[in-house]
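Observations on the three-dimensional arrangement
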Amino acid sequence: MTIVIGFEGSANKIGVGIIKDGEVLSNPRRTYITPPGQGFMPSDTARHHRAVILTILKEALDEAGLKPQDIDCVAYTKGPGMGAPLVTVALVARTVAQLWDKPLLGVNHCIGHIEMGRLITKAHNPTVLYVSGGNTQVIAYSERRYRIFGETIDIAVGNCLDRFARVIKISNDPSPGYNIEQMAKKGTQYVELPYTVKGMDVSFSGILSYIEETLFSMLVEITERAMAHCGSQEVLIVGGVGCNLRLQEMMGVMCEERGAKLFSTDERFCIDNGAMIAQAGWEMFRSGQVTELEDSWITQRFRTDEVEVTWRA
Amino acid sequence: SSLDVPFPSSREALIALRSLSPDKEPRKGGISKEITVKDNTLSRWSADEARILRVSVNSFMDHLLLVLETMEMFSLPVSQ
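Just so it is clear, the model here is predicted, and its values are computed rather than measured.

1. Details of the packing of helix α1 (residues 42-64) of chain A against helix α2 (residues 83-99) of chain A
For any two helices packed against each other, one specifies the crossing angle of their axes together with the interaxial distance. Residues and elements named next belong to chain A. Where α1 contacts α2, the axes come no closer than 7 Å and their chain directions differ by 30 degrees. On the basis of their axis angle, the class for α1 and α2 is roughly parallel. By crossing handedness, the relation of α1 to α2 is classed as right-handed. Listed contacts from α2 to Pro 42, Thr 45, Ala 46, His 49, Arg 50, Ile 53, Leu 54 and Leu 57 of α1 are Ala 84, Pro 85, Thr 88, Val 89, Val 92 and Val 96.

Below you can see the structure in the form of structure tokens.
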């Protein structure tokens, strides 16, 4: 039996999760929500995380009914992400690892999403679409690496939606993407030109449908191309944008046409959380990896394919 | 300039040292920060220019405070 605690806080969510051999024992999380029209800045986000991280850690232990002595390994997000929030989380992880005399393990955030998705959906060897506020990648496993088959050449899909939400002052509560999804559902027609003026009023829901449809079509196309390349019959969608039901629906149509199977998770595990870092940490720790304190620096850039996957054949 | 922080014991000072040391200063060049421990005192040494000293020390204090709070809440009972 191996129990791993995971700390995540690379963007505006902060979470601590505990995993015992594939079972999520606890996974509390908070979100730093900014007013409409405002994004989250690194130093304000770090301040939010500092204010709540110890409360969340206590919640995670209490909910799991565990004492620090029961933990086998302390995992935390090494990167990629925003520097100041990453440092906040790493400081607490390093300190408790020393106080409890447990090994420390730095985890790649993207690998966390992939391993959590695999655990929850039981997808065996999927082509992975990883879509969030900071990342857009199509990934497939081959010879001890999660290889990136395609990615955005500029901004992430979630960042595109977030920025648009900011421009038209859509609420950031619970998240801009969720609110866009709800508004886009109300759009009745797909507009060719994103320009909708009615008298003195403007309508944005049509534009939102248009934006969602266009972005998601592009993602489905590159995922399908990666599947054809790898001969894969499984797709796993992970990351914060992955809980968008319209994206899941469009991907589902493509999968059905190819006779492939679609796997996705809900907002508990799609959106950044501590358990995903615990789960990737669990796999890494069981395959013999640990991170020495002096090597435990955080890094804002950390590509998915830099990590040697020592836990898969 | 140096900033000295006394701890109850050298063990705690060393834990703070190892927690605070791994991350590099975000600024490129021009800053020289070093953290050391002697007995039960942790010291932060730097040769910052006055205009960046405040920001650099503020950030260090935020980090130090978080480490101290973590110790306070999550230290195990000491076995004799």
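2. Some points on the interface of chain B and chain A
Tallying the contact residues gives 20 residues for chain B and 22 residues for chain A. Summed over both sides, the interface between chain B and chain A buries roughly 2,000 Å², with carbon and sulfur atoms accounting for 69% of that surface. Linking chain B with chain A are 2 salt bridges. Note that Arg50(A) and Asp62(B) form a salt bridge whose closest N and O atoms lie 3.3 Å from each other. At the surface where chain B touches chain A, the tally comes to 9 residue pairs in polar contact (both at pLDDT 80 or more). A total of 9 residues in the side of chain B that touches chain A trace back to one element, the largest contributor, which is helix α2 (residues 50-74) of chain B. Taken together, the residues of the side of chain B that touches chain A sort by class into 10 nonpolar, 4 polar and 6 charged.

3. What about the sheet that holds strand β7 (residues 127-131) of chain A?
All names here are of chain A. Taken together, 5 strands build an open sheet; the order of strands is β9-β8-β7-β12-β13 and the sheet is mixed. Two strands close off the open sheet at either side, each with one partner strand: β9 (145-151) and β13 (261-264). Geometrically, the sheet is characterised by an average inter-axis angle of 25 degrees between neighbouring strands, direction not taken into account. Bridging between strand β8 (residues 136-142) and β9 involves 6 bridges; their strand directions are antiparallel. Within β9, the position partnered with Ser 142 by the bridge is Arg 145. Along the sheet, helix α3 (residues 109-121) makes contact with β7, β8, β9, β12 (234-238) and β13, crossing β12 at roughly 125 degrees.

4. Some points on the domain arrangement of chain A
All names here are of chain A. Taken as a whole, chain A is organised into domain 1 (3-113 + 272-306) and domain 2 (125-269). Summed over both sides, the interface between domain 1 and domain 2 buries roughly 1,600 Å², with carbon and sulfur atoms accounting for 53% of that surface. Summed over the shared surface of domain 1 and domain 2, the result is 1 salt bridge. The salt bridge involving Arg 303 is made with Glu 151; its shortest N-O contact spans 3.3 Å. Across the contact surface, domain 1 and domain 2 share 10 residue pairs in polar contact (both at pLDDT 80 or more). Of the residues forming the side of domain 1 that touches domain 2, the biggest block, 4 residues, is contributed by α3. Residues that form the side of domain 1 that touches domain 2 fall into these classes: 6 nonpolar, 9 polar and 4 charged.

5. Things to note about helix α7 (residues 245-258) of chain A
Every α-helix winds through 3.6 residues per turn, so residues three or four apart in the chain are directed the same way. Residues and elements named next belong to chain A. For α7, with 14 residues, the first-to-last C-alpha span of 20 Å sits near the 20 Å given by 1.5 Å per residue. For α7, the set of buried residues is Leu 247, Gln 248, Met 250, Met 251, Met 254 and Cys 255. The buried residues of α7 occupy one face: seen down the axis, they fall within an arc of 165 degrees. Facing away from the buried side of α7 by more than 90 degrees, the exposed set consists of Leu 245, Glu 256 and Glu 257. Within two residues after α7, Gly 259 carries a phi angle of roughly 70 degrees, on the positive side.

6. With respect to the pattern of salt bridges
All names here are of chain A. Enumeration according to the criterion identifies 14 salt bridges over all chains in this entry. For the salt bridge of Asp 21 with Arg 286, the shortest nitrogen-to-oxygen distance reads 3.9 Å. Remark: Arg 286 occurs in helix α9 (residues 274-286) and Asp 21 occurs in the loop between β2 (13-20) and β3 (23-26); sequence separation between them is 265 residues. Residue Arg 286 is classed as partly exposed on the basis of its relative accessible area of 48%. With its nearest N and O atoms 2.6 Å apart, the salt bridge here joins Glu 221 to Arg 225. Separated by 4 residues within a single helix, Glu 221 and Arg 225 lie in helix α6 (residues 205-230), roughly one turn from each other. For Glu 221, a relative accessible area of 45% puts it in the partly exposed group. Judged by relative accessible area, which is 53%, Arg 225 ranks as exposed. Among the ionic contacts, a cluster of salt bridges with common partners joins Glu 151, Arg 303 and Asp 305.

7. Considerations on the nonpolar core
Judged by nonpolar contacts, the single largest core of 48 residues is most densely connected at Ile5(A), Phe7(A), Ile18(A), Leu57(A), Val74(A) and Trp100(A). Put simply, the parts of the chain that give this core at least two residues each are β1 (3-8), β2, α1, β5 (73-79) and α2 of chain A together with α1 (10-20) and α2 of chain B. The dominant element in this core, judged by the number of residues it contributes, is α2(A), at 10 residues. Not counting chain neighbours up to four residues away, the residues in contact with Leu57(A) comprise Ile5(A), Phe7(A), Val16(A), Val92(A), Val96(A), Trp100(A) and Phe74(B). Within the second largest apolar cluster, 32 residues are counted, among which are Ile19(A), Val107(A), Tyr141(A) and Trp282(A).

Parameters at a glance
Residues numbered from 1 in each chain as written. Chains lettered and ligands numbered in written order. Predicted model: local features only at pLDDT ≥ 70, side-chain atom pairs only at ≥ 80, totals over all residues. Heavy atoms only, no water. Axes fitted to C-alpha atoms, helices over the stretch in contact; angles between N-to-C directions. Helix = DSSP H or I, 4+ residues; strand = E, 2+ residues; numbered from the N terminus. Parallel < 35°, antiparallel > 145°, perpendicular 65-115°, else oblique. Left-handed = near helix turned anticlockwise from the far one by under 90°. Contact = heavy atoms within 4.5 Å. Buried area = accessible area lost by both parts, 1.4 Å probe. Salt bridge = Lys/Arg side-chain N within 4 Å of Asp/Glu carboxyl O. Polar contact = N/O pair within 3.5 Å; in protein donor to acceptor, adjacent residues only side chain to side chain. Nonpolar A, V, L, I, M, F, W, Y, C, P; charged D, E, K, R; others polar. Pairing = 2+ DSSP bridges. Domains from an automatic or database assignment. Expected span 1.5 Å × (residues − 1). Buried < 20%, exposed > 50% of the residue type's maximum accessible area, 1.4 Å probe, protein only. Arc of directions from axis to C-beta. Core = buried A, V, L, I, M, F, W, Y, C linked by side-chain atoms within 4.5 Å.

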